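# An overview of the molecular structure
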Amino acid sequence: KEEIQVIEDMETVDKTCSVTWRGDGEYFAVSFVQTSQRGRMFKVFNKEGHLQFTSEPCGGLEPPIFWRPSGLWLAVPQILPGNKYRITLFEKNGLRHRELALPFVREEQIVNSLAWNSDSEILLIETQHVADAAKNSIYLFTICNYHWYLKQYLEFNTPIATYSWSFANGKLLHILLADGTFQSIKWEMDVNRSCGYTVIDEGVVAVIDGSDVLLTNFRGTIIPPPMCGARLTFTHPISQVGFPTRRDCKEEQMNFFFALDAVTNVVNICEPQYTINEKDPVPVQRLTTASIVKKYNSCVSVSRILWLSPQLFVGLQEKNLVLLQAVNDTLEVIDVCSLDDTTVVAMQANNNVVYFQTLTGTVQMVEVQTDNKLSNPETLYALPDICDKIEIVQNKGKVAQVYALKYRGNLYCNQKKMASDVTSFHLTDQYVAYTALTQLHFVKLTDNADFRQPIESRRMERGARIVTIVPKSSKCVFQLPRGNLEVIHPRLLSIHLIGDFLDARKYWLAFDLMRKQRINLNLIVDHDPKTFLENLDEFVSQISNPQWLNLFVTDLQNEDVTRTMYAGNYERDQPRVYSDAYDVAGKVNVVCDRLIEVFEKQEKEFELPKITCYVKKGLVENALAFIWTLKKAESHQKAEQSLKYLLYLVDVNQLYN
C-alpha cells in the first residue's frame, strides 16, 4: 500500500467526534481528532468499552464514519493531495483495505454523512454543495468484482433534515427534507437487457456506472464485469436505462436503448454499433461503440419510463401514469391516467398495454388506445406479495400472462404461485426460466395453469442469477454472487434451437451444435423424417465431411428419440403417422439405403461413409465387395485405406469368416 502523508492545519480541522456501531452490536468505533500531530483517527472498542484496535496513521480523514452492517469495512471520507477526494475503507483492525474514488472534488461538494443499507449492498453518500449550501445530493454505490458502480444520483434543492435506511426492507430509503417533505424510495437490483425474440436481438445488456453506460452484446461476446464491449459517456449521472418493450411488430430497433439523465431529465436515444472480424472461423458481431442519435427534453419529471414505440413513452409521475410523445426535441404529455391515490411498485408493457402492481397488491392494466389516449385502469387481480419485477408474455394473440417476482420470494403466473425462493427469472419465446438458490428450472409457456411444472432442472452455483438468455440461441448467461459470469447451454434450449435449424434445413449448423453439445444425432432424422428423407441430397452436400457422415451413420438407431430421450421438448401425445416407406423399426435400413443412393450420385467420393452404411446394415460382404471394386479400378491407395477403416468397424475374425 502506498503511504500518503497529508499535512493538515490543526486549527482548521473539523474536530467533530463521530460514533458508529457494527451491525451485530458487538463493537463500536469512535472517530476523533488528537491534539498531537497525528490528526484524525478512530479507535475500535467492544461493547463493554474495552479498546480493541487503533487505526493506522492516515492523514486527511473527515468526521463521517459508518460501519458496514456485515462487519467487513468502516467507511471514512479522505482528502488527498492533487485535489483528490475519496472514501477510504478500513478493516476492523484499523488497516486500510481499499478506496472508492468520488466523482467530484471537495471544492464542489463536501461529504456530510455515510450510511450502508441494512443488507450491506448499497453505500449511501450524502453531500452538500459548496456553491449553494441549501443544495444536497445523494450518491448510491454498489460493488461488484472489486469495482464500485455509481447506480443512482439524487439531487435536492432543499436541505436534507435526516434520512434512514429501512431495517426490514433493505433497499428502502426514507428521506425527510427541511421543508417537511417526506419521501420513501425503494430500489431493487435488476438487469437492463434487450427484449426481442428473434436473431435481430443481440442480447444487449446495459449497466449504469455514474455518467457511463457499459454495454455488451452477449450473442457475440462474453465479457465479465467491470469490463464491457463499449462505454458510452454522458454529461451527468444516468438514473435509468431501458430498451423497447416487447411488441409483435418488427424488431429492427430492439438493440436501441434510452438513458435518462438524473439531473436534466433528458431522454437520450442511443444506437449500438458492431464490428465483424473477418478472420473469425464463424463471424460474430461485437459491440464496440455506441452513439446518441436523439435527445428529448422531458416536460415533466418522471421516476420511471417505459419505451413503447419509437415515438411513445409511458412515465410514472408520483401517483399518475403519463403518456409522452416525442415531438421534435421534446417529450410532451398527451394524456394522464390517475391511479386513485396509490403508488406503482413494478410495471412493464407489452403491445402498447401497460401492466403494473400497486402498493395495495392489485395488478392492473392500462391500454394505450389507437388515438394515443390511456384507457381507465382495469384491475385484474390481487397478489399476496408486493413484487419487485413484472414481465409479460403474449404469444400469437393469446391472452397475456403476467409473471411477477418477489425477489428471494414467490414467482407468480397471473394469480397462481409457480415457485418459492426464486432469485431471478427470464422469459424466452417458449419457456420461462427461473433460478432458486442452487437450481435452474425451465417451465413451458402454456395457457394451461395445471402444466406449469418444471420440465427440466439442473444444478448451478449457489446464488447465481440469470443475466440474459440470448434469443434464438442456447446461450444462458449467469452472474455469480462474487460478480463474474458463467455461460451454460441448457439441453432444452439447444434442442429447441436444433429444431429451428432442421425446420429451416440448415443441417450444417444443426450438426455442428449437436456435436458440441453431445446430442444424439438420431434427432436429425426423428425431428421430421419425411422432410429429412426428401432433402437427403441437401443434407449430404451441406455436411460433405466424410468423418461427420461416418459419425451420423454410426449413431443411427431404430428408435424415435423425440419420444424417449428428448420427449420433454416434443409434445406428441398422439401416435405419429409416418410415410409409407418409413418405419421406426426399420429406420437404420431405410436411411442407409437412401444415403448409399445419394453417395453414388455425388461427384465427391464418399467411400468411407458408404462402407459405414453397409456395416450398419450388417452387410459386411457388400462392404468387402465395394473395396474389391475400388482395387480393380486401380485405386489401390483408396482400397487400402477403406480396408483399414473396415477393420476398425468389424472384428477381424468376422471378416475372415
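Attention in this report is confined to the structure presented alongside it. (Residues numbered from 1 in each chain as written. Predicted model: local features only at pLDDT ≥ 70, side-chain atom pairs only at ≥ 80, totals over all residues. Heavy atoms only, no water.)

Of the regular secondary structure elements, the protein chain holds 11 helices and 42 strands. For the protein chain, the residues scored as buried account for 51% of the 657 residues in total. Expressed as a percentage of contacts within the protein chain between residues at least 6 apart in sequence, the contacts between residues at least 24 apart total 46%. Total accessible area computed for the protein chain in this model is approximately 31100 Å², and 49% of it derives from carbon and sulfur atoms. Averaged over its 68 positive side-chain charges, the protein chain has a centre that lies 4 Å from the centre of its 78 negative ones. (Helix = DSSP H or I, 4+ residues; strand = E, 2+ residues; numbered from the N terminus. Buried < 20%, exposed > 50% of the residue type's maximum accessible area, 1.4 Å probe, protein only. Contact = heavy atoms within 4.5 Å. Areas by Shrake-Rupley, 256 points an atom, 1.4 Å probe, with all protein chains shown as cover. Lys, Arg positive; Asp, Glu negative; His and termini not counted. Charge placed at Lys NZ, Arg CZ, Asp CG, Glu CD.)

In this structure, Thr562 sits in the loop between α6 (546-555) and α7 (587-601). A residue is classified by how much of its surface remains accessible, and Thr562, at 1% relative accessible area, is buried. At a separation of 2.5 Å, a polar atom in the side chain of Thr562 contacts the side chain of Asp560. (Polar contact = N/O pair within 3.5 Å; in protein donor to acceptor, adjacent residues only side chain to side chain.)

A word on α6. Because each turn of an α-helix spans 3.6 residues, side chains separated by three or four positions end up pointing in the same direction. Taken together, the buried positions of α6 are occupied by Trp548, Leu549, Asn550, Phe552 and Val553. Near the N-terminus of α6, the side chain that reaches the backbone nitrogen of Gln547, with its oxygen 2.9 Å away, is that of Asn545.

The next thing to look at is the sheet that holds strand β11 (residues 136-144). Taken together, the four strands give an open sheet; going across it, the order is β9-β10-β11-β12, and neighbouring strands pair in antiparallel fashion. On the outer flanks of this sheet lie β9 (109-116) and β12 (147-156), each paired with one strand and no other. Strand-to-strand twist across the sheet, computed as the mean angle between neighbouring axes with direction ignored, equals 25 degrees. The pairing of strand β10 (residues 123-129) with β11 spans six bridges and is antiparallel. Pairing of Gln128 across the sheet is with Asn136, part of β11. (Pairing = 2+ DSSP bridges. Axes fitted to C-alpha atoms, helices over the stretch in contact; angles between N-to-C directions.)

To continue, consider the pattern of salt bridges. Considering all chains together, one arrives at 24 salt bridges under this definition. Of the charged contacts, one joins Lys516 and Asp512 as a salt bridge, the two residues approaching to 3.2 Å between their closest N and O atoms. Placement of the pair is Lys516 and Asp512 together in helix α2 (residues 507-517), with a separation of four residues, close to one helical turn. For Asp512, a relative accessible area of 13% puts it in the buried group. For Glu600, the salt bridge identified is with Lys610, shortest N-O distance 3.1 Å. Linking Glu600 in helix α7 with Lys610 in helix α8 (residues 607-617), this pair joins segments that are 10 residues apart in sequence. Classification of Glu600 as exposed rests on a relative accessible area of 51%. Here Lys610 falls in the buried class, since its relative accessible area comes to 10%. Within the structure, one salt-bridge network assembled from shared partners comprises Glu56, Arg86, Arg96 and Glu99. (Salt bridge = Lys/Arg side-chain N within 4 Å of Asp/Glu carboxyl O.)

For the rest of this paragraph, the subject is the pairing of strand β20 (residues 238-242). Burial within β20 is extensive, with four of its five residues counted as buried. Relative to strand β21 (residues 257-261), β20 is paired through four bridges, and the arrangement is antiparallel. Residue pairing for β21: Val241 is matched across the bridge by Ala259.

On the surface, Leu624, Leu643 and Leu647 cluster together into a nonpolar patch covering about 210 Å² of accessible area. A residue is classified by how much of its surface remains accessible, and Leu647, at 41% relative accessible area, is partly exposed. (Patch = residues over 30% accessible without salt bridge, like charges linked within 9 Å, V, L, I, M, F, W, Y side chains within 5 Å.)

Relative to strand β27 (residues 330-338), strand β23 (residues 285-298) runs parallel, the two sharing two bridges. By the bridge assignment, Asn297 is partnered in β27 with Thr330. Two elements, strand β26 (residues 320-327) and β27, share eight bridges in a ladder whose sense is antiparallel. Residue pairing across strands places Ala326 opposite Leu331, the latter belonging to β27. Where β26 folds back on β27, the antiparallel hairpin that results is connected by two residues, among which Asn328 adopts a positive phi of roughly 55 degrees.

Further remarks concern the nonpolar core. Soluble globular proteins tend to pack their nonpolar side chains together in the buried interior. Membership of the largest hydrophobic core comes to 52 residues, with the highest contact counts inside it found for Leu523, Ile524, Phe532, Phe539, Phe552 and Leu595. Tallying contributions element by element places α7 first for this core, with eight residues. (Core = buried A, V, L, I, M, F, W, Y, C linked by side-chain atoms within 4.5 Å.)

Relative to the assigned elements, Glu391 resides in strand β32 (residues 389-393). Residue contacts for Glu391: discarding those within four places in its chain leaves Arg246, Gln348, Gln401, Val402, Tyr403, Phe425 and Leu427.

Let us now look at unusual backbone geometry. Going from Pro225 to Pro226, the amide bond is cis rather than trans, its omega being 10 degrees. Mapped onto the fold, Pro226 is located in the loop between β18 (212-217) and β19 (230-233). The phi torsion at Arg518 lies on the positive side, around 55 degrees, for a residue other than glycine. Under the relative-accessibility criterion, Arg518 is labelled exposed at 74%.

What follows is about the packing of α2 against helix α5 (residues 536-543). At a closest axis distance of 8 Å, the pairing of α2 and α5 adopts a crossing angle of 60 degrees. Considering their axes alone, α2 and α5 lie oblique with respect to each other. The way α2 lies across α5 gives a crossing that is right-handed. Residues Tyr507, Trp508 and Phe511 of α2 lie in contact with α5, whose contacting residues are Glu538, Phe539, Gln542 and Ile543. Of the residues that constitute the contact of α2 with α5, the class distribution is five nonpolar, one polar and one charged. (Parallel < 35°, antiparallel > 145°, perpendicular 65-115°, else oblique. Left-handed = near helix turned anticlockwise from the far one by under 90°. Nonpolar A, V, L, I, M, F, W, Y, C, P; charged D, E, K, R; others polar.)

Now for the packing of aromatic side chains. This model, assessed by the stated rule, comprises 25 aromatic pairs. On the basis of an interplanar angle of 50 degrees and a centroid distance of 6.1 Å, the ring pair of Trp116 and Trp148 is categorised as tilted. With Trp116 in strand β9 and Trp148 in strand β12, this residue pair connects regions lying 32 residues apart in the sequence. Across the pair, Trp148 and Trp116 agree in class, each one buried. Looking at Arg68, its charged tip hangs above the ring of Trp116, at a distance of 4.8 Å from the centre. The side chain of Lys389 reaches across the aromatic face of Phe425, ending 4.9 Å from its centre. (Phe/Tyr/Trp six-rings, centres within 6.5 Å; stacked < 30°, edge-to-face > 60°. Lys NZ or Arg CZ within 6 Å of the ring centre and 35° of its normal.)

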